[in-house]
Amino acid sequence: MRPRELSRSIALFAARTPTLAPATHTNSYALGTREVLLVEPATPFEDEQRAWIAWGRALAADGRRVVAIVATHHHPDHIGGVLELTRALDVPLWAHAETASRVDVPVARVLEDGETLFLDGPVPETWSVLHTPGHAPGHVCLWNAAERAVVVGDMVASVGTILIDPVDGDMRAYMEQLDRLARLDARLALPAHGEPIDRPTELFRRYIAHRQMREAKIVAALASRRAAGSASPSAEELLPEAYGDVPATTWPIALLSLRAHMKKLEDDGRAGR
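Residues numbered from 1 in each chain as written. Predicted model: local features only at pLDDT ≥ 70, side-chain atom pairs only at ≥ 80, totals over all residues. Heavy atoms only, no water.

Novice: How would you sum up the pairing of strand 4 (residues 35-39)? Please name residues and give values.
Specialist: In terms of burial, strand 4 is a largely internal element, five of the five residues being buried. Neither face of strand 4 is left uncovered, since the one carrying Glu35, Leu37 and Val39 and the one carrying Val36 and Leu38 both have all their residues buried. Inspection of the sheet shows strand 3 (residues 25-31) paired to strand 4 by three bridges, in the antiparallel sense. When the sheet's bridge partners are listed, tyrosine 29 is paired in strand 4 with valine 39. From the end of strand 3 to the start of strand 4, which pair antiparallel, there are three residues, and glycine 32 there has a positive phi angle of about 120 degrees. Here five bridges tie strand 4 to strand 5 (residues 65-70), and the two strands are oriented parallel to one another. The residue of strand 5 that forms the bridge with valine 39 is valine 70. Assessed by its sense of winding, the connection that carries the chain from strand 4 through helix 1 (residues 46-61) to strand 5 is right-handed. (Buried < 20%, exposed > 50% of the residue type's maximum accessible area, 1.4 Å probe, protein only. Helix = DSSP H or I, 4+ residues; strand = E, 2+ residues; numbered from the N terminus. Pairing = 2+ DSSP bridges. Right-handed = clockwise from strand over helix to strand, strands pointing away.)

So this is what it looks like as structure tokens:
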């Protein structure tokens with residue numbers, strides 16, 4: 001059922017998007033009890049856009065006012081409807097500068113790390129902007145310290161996985177920002193894919209541990225190849241050993257993650273190109 005009220009000030013709307021399987025939808029969130037932010041103008045599909053627009057307009061009919069639409073980052077399954085949705089609701093787009101440089105719609109307010117977004121209402125709310133690069137250069141999260149709730153975009157998911165593509169991703173930054181999120185001691189995380197996450201600190205720590213485990217397997221695969229006489233093994237050569245515990249059907253995606261890990265190892269001085 002959509003939209004879903006998660007609390008007095010948070011609602012979820014899951015829209016179908018061309019995202020990475022097994023996920024099929026991207027979550028948008030309405031934040032606020034009178035002034036409202038809508039997070040993730042995600043869907044490119046006309047039928048889903050019509051439903052999304054009806055949701056936004058229903059908020060106004062309920063006495064609320066949509067202040068802006070926020071994009072957590074620039075990936076297509078997060079901004080697929082940005083032009084149509086901002087136009088239909090006649091509201092501005094807010095995003096980080098790194099996202100603004102990658103989208104075709106003007107960004108009216110450039111969000112910066114540490115900035116506070118004030119939303120008026122029966123109980124005024126504040127959401128702090130956290131710049132959390134790694135998955136994407138301009139990725140942002142929104143943190144409500146009073147509610148201990150955090151909108152996490154693609155930092156974690158409760159369905160599927162999070163890809164760090166070496167083209168515009170950074171594994172070191174991603175792991176550092178996961179640790180930053182873990183230190184919030186949040187009560188609730190609101191991901192772009194899957195159900196809201198209770199006890200998110202455990203999940204943030206689990207994601208870090210998983211990436212550390214994968215990095216250790218890559219280092220072991222490098223050592224094994226070098227011991228066998230391969231001074232400079234390719235990512236493709238390392239893949240079967242480093243990702244031998246996952247189905248081979250996922251290896252094309254795993255190869256991208258492996259390359260992101262290799263870039264981190266190179267930056268750490270633990271591997272050469």
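Novice: An account of the packing of aromatic side chains is requested, with residue identities and associated values reported.
Specialist: The tally for this structure, following the rule as stated, stands at two aromatic pairs. Arranged with centres 5.0 Å apart and planes meeting at 20 degrees, the rings of phenylalanine 13 and tryptophan 55 form a pair that is stacked. Within this pair, whereas phenylalanine 13 is found in strand 2 (residues 10-16), its partner tryptophan 55 is found in helix 1, the two being separated by 42 residues in sequence. For tryptophan 55, a relative accessible area of 6% puts it in the buried group. With centroids separated by 5.5 Å and ring planes inclined at 85 degrees, the aromatic side chains of tryptophan 52 and tryptophan 55 adopt a geometry described as edge-to-face. (Phe/Tyr/Trp six-rings, centres within 6.5 Å; stacked < 30°, edge-to-face > 60°.)

Novice: Pulling in residues and values, what's your account of the sheet that holds strand 12 (residues 188-191)?
Specialist: The sheet built from six strands is open, its strands ordered 8-9-10-11-12-13 with mixed pairing. The open sheet terminates on both sides in strands that have one partner only, identified here as strand 8 (116-119) and strand 13 (197-198). Two elements, strand 12 and strand 13, share two bridges in a ladder whose sense is antiparallel. Residue pairing across strands places alanine 189 opposite isoleucine 197, the latter belonging to strand 13. Contacting strand 9 (125-131), strand 10 (140-144) and strand 11 (149-153), helix 5 (residues 171-182) runs over the sheet at an angle of about 155 degrees to strand 9. (Contact = heavy atoms within 4.5 Å. Axes fitted to C-alpha atoms, helices over the stretch in contact; angles between N-to-C directions.)

Novice: Which residues make up the sheet that holds strand 3, and what values do they have?
Specialist: Across the sheet, which stays open at both edges, the seven strands sit in the order 1-2-3-4-5-6-7 with mixed pairing between neighbours. In this open sheet, the two strands that pair with only one neighbour each are strand 1 (4-7) and strand 7 (109-111). Strand-to-strand, the axes of this sheet are offset by a mean angle of 30 degrees, without reference to chain direction. Inspection of the sheet shows strand 2 paired to strand 3 by seven bridges, in the antiparallel sense. Opposite phenylalanine 13, over in strand 3, you have serine 28 as the bridge partner. The sheet strands contacting helix 1 are strand 2, strand 3, strand 4 and strand 5, and the helix crosses strand 2 at an angle near 165 degrees.

Novice: So what about helix 7 (residues 235-242)? Which residues, and what values?
Specialist: The complete set of buried residues in helix 7 reads Ala235, Leu238, Leu239 and Ala242. Angular distribution of buried residues about the axis of helix 7 spans 120 degrees; they occupy a single face of the element. Check the buried side of helix 7 and you find it contacts helix 6 (200-227) and helix 8 (251-267). (Arc of directions from axis to C-beta.)

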